[in-house]
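Topology and contacts: notes
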Amino acid sequence: MKDTTPTFDVCVRGRGAVGQALALSLARLGLRVALVAPPVASQAGRPGAPDVRTYALGARAVALLGQLRVWDALQAARPGAATRVTGMQIAGDAGGELAFSAWQQQVRELAWIVDAAALERELATALRFAPHVTLTEAPVSAALTAWCDGRDGAAHEALGIKVERVDYGHRAIAARLVCDRPHQGIARQWFRSPDVLALLPFDQDEQPGYGLVWSLPEAQADALMALGETDFEQALAEATQGPSPHSIPAAGSPGRLALAGPRAAWSLRLARATRWHGPGWVLLGDAAHVVHPLAGQGLNLGLADVDTLARVIAERQQREAWRPLGDERLLARYARERAAPTWLMGRFTDGLWQLFAQDNAALKELRNRGLSLVNRLPPLKRWLASQALQG
Ligand SMILES: Cc1cc2nc3c(=O)[nH]c(=O)nc-3n(C[C@H](O)[C@H](O)[C@H](O)COP(=O)(O)OP(=O)(O)OC[C@H]3O[C@@H](n4cnc5c(N)ncnc54)[C@H](O)[C@@H]3O)c2cc1C
């Protein structure tokens, strides 16, 4: 009897943005891919509810989504589904300020803000039309298993991998907001002790608005989550209308902010798996590394992982097709290339968080002076912006 069981080159475990982008990238190379998701898609924060986050994506992530034919579909989905960031205003807690502009960086935009749920939806739509991809609920045997099952997935236990992890004891509250003034493409961020608040320009049903990411100590975050809408909006007004970043002339005030939907909260951590590859397996995205969202870089790093692994595999097809897909030397090339940028971003976000977490008068003075100093050093500003753009 003929065996009709499909055979796969790659089993991708996890159907988040990273797993979906990887399945699409590998299918484009002609590989047979099984994309595995547990029966009930669960989501951190609010299981089963639509993701309320907006993601800041840099140039490299957007280029990858463009190659996968997802970026155009996302932009066409509805007006403003992807909003261009042309300026960024950062304020410290004692007058420090730092501003970036696309014009100064000589780029069209510093980043794009996209709807997290819409991005996953467009990736899923593209997968439906992709040849060589089979969606399945159970893992299958394949030459290579790519674990993209996020920070709390099964990979670490199944593979016996140690994860170096620091829990920040903070939660990030995310929500969609509408406001009574146009955002003009300006992202605003307040670094204080103990909270970090970001307003990412993003229109809500064609009304000017922002995506909110507000990180605070757990008890404060829980108290804010428990407030009714009016009280939460009042707390938000107090947190965003203070002296800074009024003091930044180009920024002005974001205006009156109102909730446009539910809030959700995520606990925050810095984490890094101590091994990213072995015979027949590899880790990508949050399964490999988790960073604080204060720089909006987690998914950018995950999509850069996808881009790198797909390139390493494409090069194998051209030059050393005899090498099995699960070959450790092949996978080591991917892990080596991704080690430094992900480690640096972890250190950078953690360093920034630590710097602002402490309520010490001398440190407060120093960090605010530091922000303003960086603001006056164009080469350093250009370097920081280019790091954020590349992911
Ligand atoms: C508040 C907040 C704001 C953020 N903002 C930004 C931003 O602006 N820009 C940015 O780049 N990043 C941002 N991030 C980070 C970003 O959300 C993550 O880096 C990104 O979602 C990771 O994608 P992933 O596919 O690796 O993991 P996930 O999105 O966690 O997806 C993993 C998938 O695997 C599934 N799964 C779990 N267990 C299993 C299993 N055993 N088998 C199979 N599947 C499994 C899950 O259901 C899920 O679908 C933010 C994070 C937070 C918390």
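First, a word on scope: everything that follows refers to the structure included in this document. Bear in mind the structure is a predicted one, so any value in this text is a computation, not a measurement. (Residues numbered from 1 in each chain as written. Predicted model: local features only at pLDDT ≥ 70, side-chain atom pairs only at ≥ 80, totals over all residues. Heavy atoms only, no water.)

Looking at the sheet that holds strand β4 (residues 82–85)
The criterion, for reference: Any two strands with at least two DSSP-identified bridges between them are counted as paired. Each helix is a run of DSSP H or I of at least 4 residues and each strand a run of E of at least 2, with the numbering of both proceeding from the N terminus. Simply put, an axis is a line fit to the C-alpha atoms, just over the touching stretch for a helix, and the angle between two N-to-C directions goes from 0 to 180 degrees.
Taking strand neighbours across the sheet as the criterion, the three strands line up as β3-β7-β4 in an open arrangement whose pairing is antiparallel. The outermost strands of the open sheet, each flanked by one partner alone, are β3 (54–57) and β4. Averaged over all pairs of adjacent strands, the angle between their axes in this sheet comes to 25°, without regard to strand direction. Two strands pair when backbone bridges link them, and β4 and strand β7 (residues 111–115) are joined in this way by four bridges, in the antiparallel orientation. Bridged to V85 within β7 is A111.

Let's talk about the sheet that holds strand β9 (residues 142–147)
One open sheet holds the six strands; their spatial order is β8-β2-β1-β9-β17-β16, and the pairing between them is mixed. One side of each edge strand has no neighbouring strand; the edge strands of this open sheet are β8 (133–136) and β16 (277–278). Both strand β1 (residues 8–13) and β9 contribute to a ladder of five bridges, which runs parallel. In the strand pairing of β9, C11 is matched with T145.

Examining the site of the ligand
Worth spelling out the cut-off: Whether a residue is near a molecule or strand depends on its heavy atoms: it is near if one of them lies within 4 Å of it. Each polar contact in these results corresponds to two N or O atoms within 3.5 Å; when the atoms are within protein, one needs to be able to donate a hydrogen and the other to accept it, and residues that are neighboring in sequence are counted only if both atoms are side-chain atoms. Side-chain classes are defined by residue name, with Ala, Val, Leu, Ile, Met, Phe, Trp, Tyr, Cys and Pro counting as nonpolar, Asp, Glu, Lys and Arg as charged, and the others, Gly among them, as polar.
Around the ligand lies a shell of 27 residues, among which A56, D286, G296, L299 and N300 are the nearest. D286 places a polar side-chain atom, nitrogen or oxygen, 2.8 Å from an oxygen atom of the ligand. In this structure, G296 approaches the ligand through a main-chain N or O atom, which is 3.0 Å from a nitrogen atom. Classifying every residue of the shell around the ligand by side-chain character gives 12 nonpolar, 11 polar and four charged.

Focus: the side chain of D350
Put simply, the rule is: Residue burial is assigned from relative accessible area. The probe radius is 1.4 Å, only protein chains are included, and a residue is buried under 20% of its type maximum, exposed over 50%, and partly exposed in between. Residue contacts follow a heavy-atom distance rule, with two residues in contact if any of their heavy atoms lie within 4.5 Å.
Structurally, D350 can be placed in helix α11 (residues 328–357). On the accessibility criterion, D350 (8% relative accessible area) is buried. Non-local contacts of D350, meaning those with residues more than four positions away in its chain, are made with Y168 and L270.

Details of the pattern of salt bridges
Going by this rule: Any carboxyl oxygen of Asp or Glu within 4 Å of a side-chain nitrogen of Lys or Arg constitutes a salt bridge here.
Enumeration according to the criterion identifies 20 salt bridges in this entry. Its salt-bridge partner being R367, residue D93 comes within 2.5 Å of it at the nearest N-O pair. Residue D93 is located in the loop between β5 (87–91) and β6 (97–101), and its partner R367 is located in helix α12 (residues 361–375); the two are separated by 274 residues in the primary sequence. Among the residues examined, R367 registers a relative accessible area of 3% and is labelled buried. Where salt bridges share partners, they join E320, R323, D327 and R333 into one cluster.

Such coordinate-based values are descriptive only and should not be taken to indicate function.
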